[in-house]
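What the coordinates show
If you want the building blocks of each chain, they are given just below.
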Amino acid sequence: MTTVAEAASDFLTQKRIAVTGVSRTSGGAHGGNVVYGRLRERGYEVFAVNPNADEVEGTRCYHSLRAIPVEVDAVVIAAPPETALTTVRDAESLGISRIWMHHGIGKGSVSDEATKYGRDHGMTVIDGGCPLMFHPTSDGAHRFVIKGFCRLTGALPKKV
């Protein structure tokens, strides 16, 4: 096992990242939209995934990982945890080996079954926390306040 900081660093060196669960309603506090927007701001090639949307925040949205026309390096799951296993299986079949199940404040997207499946198939699965807690995507609120809260509540794993 590796530390979450090491896994986060590796994840965030990837350039093409899909974010599942991005909402059609832009703005607000939905985790998927916040992650999607920040990754775009920081220069990543980001792909929104929502089976019920063709466009999100003025950009094309894909109905599944399989619909993305280029290879993706990593996936942030910000959709309900019930969908995580299907997403991890799809990622594995596409050769995507880095998964981050978003979990900040609130319910989160972590699925123990999906985590186990991914790890059993050689994938790096970060099962909690948020990519915005780590450099180069972080901001003060995420890096200190939300990260601290997630450590206290167990929403941020120590090892992955």
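To keep things clear, this report deals only with the structure shown in the data block. As the structure is a prediction and not an experimental result, all values here were calculated from the model. Residue positions within a chain follow its written sequence, with the count starting from 1. Where local features are concerned, this predicted model is filtered to residues with pLDDT of at least 70; where side-chain atom pairs are given and counted, the filter is 80 or more; whole-chain, interface and lining totals use all residues. Hydrogens are left out, water is left out, and the side-chain values use all remaining heavy atoms of the structure.

Burial of nonpolar side chains together is a common tendency in soluble globular proteins. Only buried Ala, Val, Leu, Ile, Met, Phe, Trp, Tyr and Cys residues count toward a nonpolar core, and they belong to the same one when joined by side-chain atoms within 4.5 Å. Type-normalised accessible area, obtained with a 1.4 Å probe on protein chains alone, sets the label of each residue: buried when under 20%, exposed when over 50%, and partly exposed for intermediate values. With 29 residues, the main nonpolar core has F11, V19, L39 and F134 as its most contacted residues. Breaking this core down by element, the ones donating at least two residues are α1 (4-11), β1 (16-20), α2 (31-41), β2 (45-49) and β5 (74-77). Runs of E in the DSSP output that reach at least two residues are strands. Runs of H or I that reach at least four are helices, and both are numbered from the N terminus. Tallying contributions element by element places α1 first for this core, with four residues. Ignoring anything within four residues of it in the chain, the contact list for F11 reads I17, A74, V75, V76, R98, I99, W100 and I126. In terms of nonpolar packing, the next biggest core, distinct from the first, is built from 20 residues, V72, A84, L85 and A91 among them. Any two residues whose heavy atoms approach within 4.5 Å at even a single point are treated as in contact.

With that settled, the discussion passes to the side chain of S109. Looking at the element boundaries, S109 is found in the loop between β6 (98-101) and α4 (112-120). Given a relative accessible area of 3%, S109 falls into the buried group. At 3.4 Å, the side chain of S109 forms a polar contact with the backbone oxygen of I77. Excluding anything up to four places from it in sequence, S109 contacts I77, A78, A79, P81, A84, M101 and H102. In the analysis that follows, any N or O atom pair within 3.5 Å is treated as a polar contact, provided that within protein one partner can donate a hydrogen and the other can accept it, and provided that, for residues neighboring in sequence, both atoms belong to side chains.

Here we take up the packing of aromatic side chains. Pairing of aromatic rings covers Phe, Tyr and Trp, the last counted by its six-membered ring, and requires centre-to-centre distances within 6.5 Å; plane angles under 30 degrees mean stacked, over 60 mean edge-to-face, and any other angle means tilted. Enumeration according to the criterion identifies three aromatic pairs in this entry. An aromatic cluster of three or more residues is present, and its members are F11, W100 and F134. For a Lys NZ or an Arg CZ to count as sitting over a ring, it must be within 6 Å of the ring centre and within 35 degrees of the ring normal. The ring of Y44 is capped by K15, whose NZ or CZ atom sits 5.1 Å from the centre of that ring.

Turning our eyes to something else, we now look at the sheet that holds strand β7 (residues 124-127). Pairing between two strands requires that DSSP report at least two bridges joining them. With mixed pairing, the seven strands of this open sheet are ordered in space as β3-β4-β2-β1-β5-β6-β7. In this open sheet, the two edge strands, each paired with only one partner strand, are β3 (55-56) and β7. Where helices are involved, their axes are fitted lines through C-alpha atoms of the stretch in contact, as for all axes, and angles between N-to-C directions lie from 0 to 180°. Contacts from α4 reach β6 and β7 within the one sheet, and its direction differs from that of β7 by about 160°.

Time to look at the environment of R143. Along the polypeptide, R143 turns up in helix α5 (residues 140-153). Among the residues examined, R143 registers a relative accessible area of 34% and is labelled partly exposed. Along the sequence, R143 and L85 sit 58 residues apart, while their C-alpha atoms lie 28 Å from each other. Separated by 2.6 Å, the side chains of R143 and S138 make a polar contact.

Site definitions follow a grid-based scheme: protein atoms alone, a 1 Å grid, a 1.4 Å probe that fits but cannot get out for cavities, and for pockets an open set with protein on both sides within 12 Å along at least five of seven lines, plus lining residues having an atom within 4 Å of a point. Grid points are joined across faces, edges and corners, and a volume is the space filled by probe spheres set on the points. A volume near 250 Å³ is recorded for the second largest pocket. Lining the second largest pocket are 17 residues, with T20, G21, P51, A79 and T83 sitting closest to its centre. For the lining of the second largest pocket, the per-class residue count stands at six nonpolar, ten polar and one charged. In the scheme used here, Gly and all other residues not listed as nonpolar or charged are polar, with Ala, Val, Leu, Ile, Met, Phe, Trp, Tyr, Cys and Pro taken as nonpolar and Asp, Glu, Lys and Arg as charged.

Attention now goes to the pairing of strand β4 (residues 59-62). Strand direction decides the pairing type here: β2 and β4, joined by two bridges, are parallel. Within β4, the residue paired with V49 across the bridge is Y62. Of the strand pairs in this sheet, β3 and β4 are connected by two bridges, and their pairing is antiparallel. Opposite V56, over in β4, you have T59 as the bridge partner. Connecting β3 to the antiparallel partner β4 that follows it, the hairpin turn spans two residues, and E57 within it adopts a positive phi of roughly 50°.

Moving on, we come to the packing of helix α3 (residues 84-93) against α4. Where α3 contacts α4, the axes come no closer than 8 Å and their chain directions differ by 15°. Taken as axis vectors, α3 and α4 run roughly parallel relative to one another. The interaxial crossing formed by α3 with α4 has right-handed handedness. Contacts from A84, L85, V88, R89 and E92 of α3 reach α4 at E113, A114, Y117 and G118. A breakdown of the residues in the contact of α3 with α4 according to their chemical character gives five nonpolar, one polar and three charged. Small angles under 35 degrees read as roughly parallel and large ones over 145 as roughly antiparallel, with 65 to 115 read as roughly perpendicular and the rest as oblique. Handedness of a crossing is defined here by the sense of rotation of the near helix relative to the far one, left-handed for an anticlockwise turn of less than a right angle and right-handed for a clockwise turn.

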